[in-house]
Amino acid sequence: MVNEAIAKLADYAEHAGLIAAYERTWAINTILDVLKLDSYTEPEHTWDPAGLELAPVLEELLDDAHARGVLAENSEVSRDLFDTEIMGRLTPRPAQVIEMFQTLCARDPKAATDWYYTFSQDTNYIRRDRIAKDMQWKALTEYGELDITINLSKPEKDPKAIAAARDLPASNYPRCQLCLENEGYAGRVNHPARQNHRVVPITINGSPWFLQYSPYVYYNEHCICFNRKHTPMKIDRACFGKLLDFVRQFPHYFVGSNADLPIVGGSILAHDHFQGGRYTFAMEKAPVEMPFAFPGFEDVEAGIVKWPMSVIRISADNPDRLIELADRILGKWRAYTDEAAVIFAETDGVPHNTITPIARRRGEKYELDLVLRNNLTTEQYPLGLYHPHDELHHIKKENIGLIEVMGLAVLPARLKEELAAGGQDGGGGGAGQRTGPPGGPADRQARRLGGVLRPQLYDYGGERPGNRPEGNRPGFRPSAGARRGLQADGRGQRSLSPLPEHHLMEEPVRPAVQRRLFIQVPKGPAGFPG
């Protein structure tokens, strides 16, 4: 039986283009080496190589290895480490992958990413069988159809693996799961194996970066771009330039960055990276509900997006104009304070305001969505004033990062059983499929996610800013000089001066929705952003 599984794996690799026909003998021998077998008999071929599924073949090889003592632990972590070593032996070398990608990209960037995405699945770096189990559905809201997924493709840590990791010596190699040093790494119980992982180099805004796909694929062609250097996330002018240069080179993809502060940022703040892909989120479909013009940027279309977070959308034919305007908006927002609305630029020297930026192309135009974020914490809300509060932690407790901002709620695997207990179909839906009827328990949970995707800036207690009764305000400590900020004069020089009066604008047309607060463009020659 094991000979048949080995033959099937070699046939699969050849049909997928991982090996050439004349490499089949070599491939079988290298598989034997991993399995600690020293003999092989070619079986009768009774299968169609085009119809082979990889997961069952690997399962058979793993079961045999465990039965013979080659795979000592039969846990999911140990099996993942072992089958990744097997697939790593059949994965082409990095130079071969890079050459293919660059050859295709020179002709058609979409053809290059199409090939690379399929390749990343064929090597089992992206595990198709697990992705197919993910629960996915849409929830109709006044902001459009929000995507909900219970991601089951990321394995949960088992107790044995946790115990084994505790006894391992400390290691800082690779420094994080995004570093280039992951390519080809054998892994360990507390770090995934990546022998079948290949990255491709790209240059964005003149700096060396790499492109890869997420192994967990939260949406179609979920890609990750990461800096060659292990350097912290930073939202700045250069960041806007990199995002827009990426969509110049790959116009069929969007790309965005998590914010660079804790709570409102992603799970990996220590390594500068972006996330993108080929998927249209509800946020992209959301219209501009209040257009306006920035003085001095009349060639840039701008406005506030109808979305449950505070989003400024700007678009133009010239990406350099977007970079200039986005940089000015960022500078103003970082310095913006409104005590009445409990918005503080900093407390005790700790900054709170930042932006989650998303770049895309609409035809020939370049577009940036700038999502205003604030990570203020209080004694009452130590995990974040503008973060999901305790009553929603049974749904999700983690950061509201880039993906959630755009309208996709990625929920923990434990909710599958909880939804099933509530009467929801617990089966996997696969990509783009519902896993329960409209109005079922899953949809009721989805509607509660309105709290998870709650406005970043809003009026607590339903009172108008400035009229909130004393004692009904969340506990906070205002900082000295809180209402000061940097302005740029006509020559672009910056000086410390009082900010112009910014007003808070309530949304009057949807009284059932919790009020959202936006920065209104001030009147007068000074303009915004200055």
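Definitions and cut-offs
Numbering of residues begins from 1 in every chain and follows the order in which that chain's sequence is written. The predicted origin of the model limits local features to residues at a pLDDT of at least 70 and limits the giving and counting of side-chain atom pairs to 80 or more, whereas totals for whole chains, interfaces and linings rest on all residues. Based on all heavy atoms of the structure, the side-chain values leave hydrogens and waters out of the count. Here a strand pair is declared whenever DSSP counts at least two bridges between the two strands. Only runs of H or I of at least four residues qualify as helices and only runs of E of at least two qualify as strands under DSSP, and these elements are numbered from the N terminus. The axes used here are C-alpha line fits, helices contributing only the stretch in contact, and every angle between their N-to-C directions lies in the interval 0 to 180 degrees. We define a salt bridge as a side-chain nitrogen of Lys or Arg found within 4 Å of a carboxyl oxygen belonging to Asp or Glu. When accessible area is computed with a 1.4 Å probe and restricted to protein chains, residues below 20% of their type maximum are described as buried, those above 50% as exposed, and intermediate ones as partly exposed. Residues belong to one nonpolar core when they are buried, are Ala, Val, Leu, Ile, Met, Phe, Trp, Tyr or Cys, and are joined through side-chain atoms within 4.5 Å. Any two residues whose heavy atoms approach within 4.5 Å at even a single point are treated as in contact. In summary, the pairing rule links any two rings of Phe, Tyr or Trp, Trp by its six-membered ring, whose centres are within 6.5 Å, and it sorts them by plane angle into stacked for under 30 degrees, edge-to-face for over 60 and tilted for everything else.

## Focus: the sheet that holds strand β2 (residues 144-150)
Part 1 of the reasoning: Within the open sheet, the three strands sit side by side as β1-β2-β15. Their pairing is mixed. Each edge of the open sheet is held by one strand with a lone partner, namely β1 (135-141) and β15 (408-411). Strand after strand, the sheet turns through a mean of 20° between neighbouring axes, direction not considered.

## Some thoughts on the pattern of salt bridges
Part 1 of the reasoning: One pass over the full model with this rule turns up 35 salt bridges.
Part 2 of the reasoning: For R130, the salt bridge is made with D80, and the minimal N-O distance between the two is 2.7 Å. With R130 in helix α7 (residues 128-131) and D80 in helix α4 (residues 76-90), the pair connects residues that are 50 residues apart, well separated along the chain.
Part 3 of the reasoning: In this structure D80 comes out as buried when scored by relative accessible area, which is 13%.
Part 4 of the reasoning: Here D114 and R278 are joined by a salt bridge, their closest N and O atoms 2.7 Å apart. A residue pair is termed long-range when its members are at least 10 positions apart, and D114 in helix α6 (residues 109-122) and R278 in the loop between β7 (273-277) and α10 (282-285) qualify at 164 residues.
Part 5 of the reasoning: It is possible to trace a salt-bridge network through shared partners that takes in E284, R313, R360, R362, E367 and D369.

## A look at the nonpolar core
Part 1 of the reasoning: Core analysis: the largest hydrophobic core is formed by 94 residues, its most contacted members being L9, Y116, L211, F246, F294 and I314.
Part 2 of the reasoning: With eight residues, the single largest contributor to this core is helix α1 (residues 2-16).
Part 3 of the reasoning: Setting aside residues up to four positions removed in sequence, Y116 forms contacts with V97, F101, R198, V199, V200, L211, Q212 and Y213.
Part 4 of the reasoning: F254, A282, V305 and L402 belong to the second-largest nonpolar core, a separate cluster that totals 21 residues.

## Quick look at the packing of aromatic side chains
Part 1 of the reasoning: One pass over the structure, following the stated rule, counts 17 aromatic pairs.
Part 2 of the reasoning: Both rings, one in Y279 and one in F281, keep their centres 4.9 Å apart while their planes meet at 75°; by these two values the pair is edge-to-face.
Part 3 of the reasoning: The exposure class of Y279 is partly exposed, given its relative accessible area of 27%.
Part 4 of the reasoning: Measuring from ring centre to ring centre gives 5.7 Å for W333 and Y336, while their planes differ by 25°; the resulting arrangement is stacked. The burial state of W333 is the same as that of Y336; both residues are buried.
Part 5 of the reasoning: Three or more aromatic residues joined by ring pairs make a cluster, and in this case those are F101, W115, Y116, Y117, F119 and Y213.

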